[in-house]
Structure formats: C-alpha cells, structure tokens
Amino acid sequence: MHPRSKRLTSNRHGDHWNGRDKEAAAMTLTDDNFASIVAAVEEGRGVFGNIKKYLMYLLSSNIGEIVLMMGASLLGLPLPLSAVQILYVNLATDGLPALALAVDPFERT
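Fair warning: this is a prediction, and the values are worked out from it, not measured in the lab.

Cut-offs used in this document
- Residues numbered from 1 in each chain as written.
- Predicted model: local features only at pLDDT ≥ 70, side-chain atom pairs only at ≥ 80, totals over all residues.
- Heavy atoms only, no water.
- Helix = DSSP H or I, 4+ residues; strand = E, 2+ residues; numbered from the N terminus.
- Buried < 20%, exposed > 50% of the residue type's maximum accessible area, 1.4 Å probe, protein only.
- Areas by Shrake-Rupley, 256 points an atom, 1.4 Å probe, with all protein chains shown as cover.
- Contact = heavy atoms within 4.5 Å.
- Polar contact = N/O pair within 3.5 Å; in protein donor to acceptor, adjacent residues only side chain to side chain.
- Patch = residues over 30% accessible without salt bridge, like charges linked within 9 Å, V, L, I, M, F, W, Y side chains within 5 Å.
- Salt bridge = Lys/Arg side-chain N within 4 Å of Asp/Glu carboxyl O.
- Lys, Arg positive; Asp, Glu negative; His and termini not counted.
- pLDDT = per-residue confidence, 0-100.
- Expected span 1.5 Å × (residues − 1).
- Bend = angle between axes of the 7 residues up to and from the residue.

1. Things to note about the overall build of the protein chain
- From N to C terminus, the protein chain includes four helices and zero strands.
- The secondary structure elements of the protein chain, listed N-terminal to C-terminal, are α-α-α-α.
- The buried share of the protein chain, reckoned over its 109 residues, is 8%.
- Carbon and sulfur atoms make up 66% of the accessible area of the protein chain, which totals about 9200 Å².

Written as structure tokens, this is what we have:
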C-alpha cells in the first residue's frame, strides 16, 4: 500500500476510521469552494424540512382514521373500513397534497 493512501485511511491515532470520520468523509467536493459545502448543507436542511412537513401532514390528516379503527377495535365492533377502503381514502385524499409538500421550495432562514 502506498504510504500516502495509508495515511488517508487512518485517523490521527493510527486506528481505523470510526463512524463519525466515515460520515464526514462521505462528502465529496467537486471544487475547492467553501460555498459548495454551505450550499449542500442548506439543501440538506431544506430536504429535511420538507420531509418533516410531509410527515406532519400525513400524521395529522390520518389521525381520524386511526382513532376510528382503534375505537372500533377496543369496543369490540367490526372494523368500519376494510384495508382496500383505507388505501383508497388515503390515495384519494392524501396523495397530491403530500406530494406538493414533498417538493415544496426550501425555506431560507
């Protein structure tokens, strides 16, 4: 193994890379501009924010279905909706709004 490549595959203590080192090394730069790192972090935060909005919408819009199904189960009643009906209701009511939230432009902070 070339001495330089050995130096690049171990940390300052001569041990193998640990988890944090691997995560930090996973970022690949295409140029020597620090602005690229800043832009990548901003985009990552935007994606994370969109995922949070998407999940909060889905959870809040489906809480009624969850309560209905759990209530019927706890009271010993037959389930009010079949699995196919639940899937259809979710597809018809949640599909497009959730998709719009997922591709929402990032909010600049």
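Alright, that's what it looks like, and here's the rest.
2. Re the environment of D94
- By secondary structure assignment, the location of D94 is in helix α4 (residues 83–102).
- Taking the relative accessible area as the measure of exposure, D94 reaches 6% and is therefore buried.
- Put simply, D94 and N62 are 32 residues apart on the chain and 8.7 Å apart in space, counted from C-alpha to C-alpha.
- Contacts of D94, omitting those with residues within four sequence positions, involve Y57, L58, S61, N62 and V89.
- Here the side chain of D94 touches N62 through a polar contact of 3.2 Å, side chain to side chain.
- Here the side chain of D94 touches T93 through a polar contact of 3.3 Å, side chain to side chain.

3. Re a nonpolar patch on the surface
- Together, I63, I66, V67, M70 and L74 give the surface a local cluster of nonpolar side chains, amounting to about 520 Å² of exposed area.
- Residue class for V67 comes out exposed when judged on its relative accessible area of 53%.

4. A short note on the side chain of D94
- Of the buried charged residues, D94 lacks a salt bridge, with K53 as the closest side chain of opposite charge at 17 Å.
- Within the structure, the side chain of D94 is placed 3.4 Å from the side chain of S61, a separation counted as a polar contact.

5. Notes on the confidence of the model for the protein chain
- With 70% of its residues at a pLDDT of 70 or more, the protein chain shows a mean pLDDT of 78.
- Confidence, read as mean pLDDT per element, is least for helix α1 (residues 3–8) in the protein chain (46) and greatest for helix α3 (residues 34–74) (88).
- Contacts from residues 1–11, a stretch scored under 50 in pLDDT, to residues over four places away or in other chains number seven contacts.

6. Focus: the environment of V103
- Within the element layout of this structure, V103 appears in the segment after α4.
- By relative accessible area, which is 62% here, V103 ends up exposed.
- Taking the C-alpha atoms as reference, V103 lies 7.2 Å from N50; in sequence the two are 53 residues apart.

7. A word on α3
- Over its 41 residues, α3 runs 57 Å from end to end, which matches the ideal 60 Å to within 8%, given 1.5 Å per residue.
- Roughly 45 degrees is the biggest bend found in α3, and it falls at N62.
- The set of residues buried in α3 consists of G46, N50, L58, N62, E65, M69 and A72.
- Taken together, the buried residues of α3 touch α4.
- Downstream of α3 by a residue or two, G76 has a phi angle that is positive, lying close to 75 degrees.

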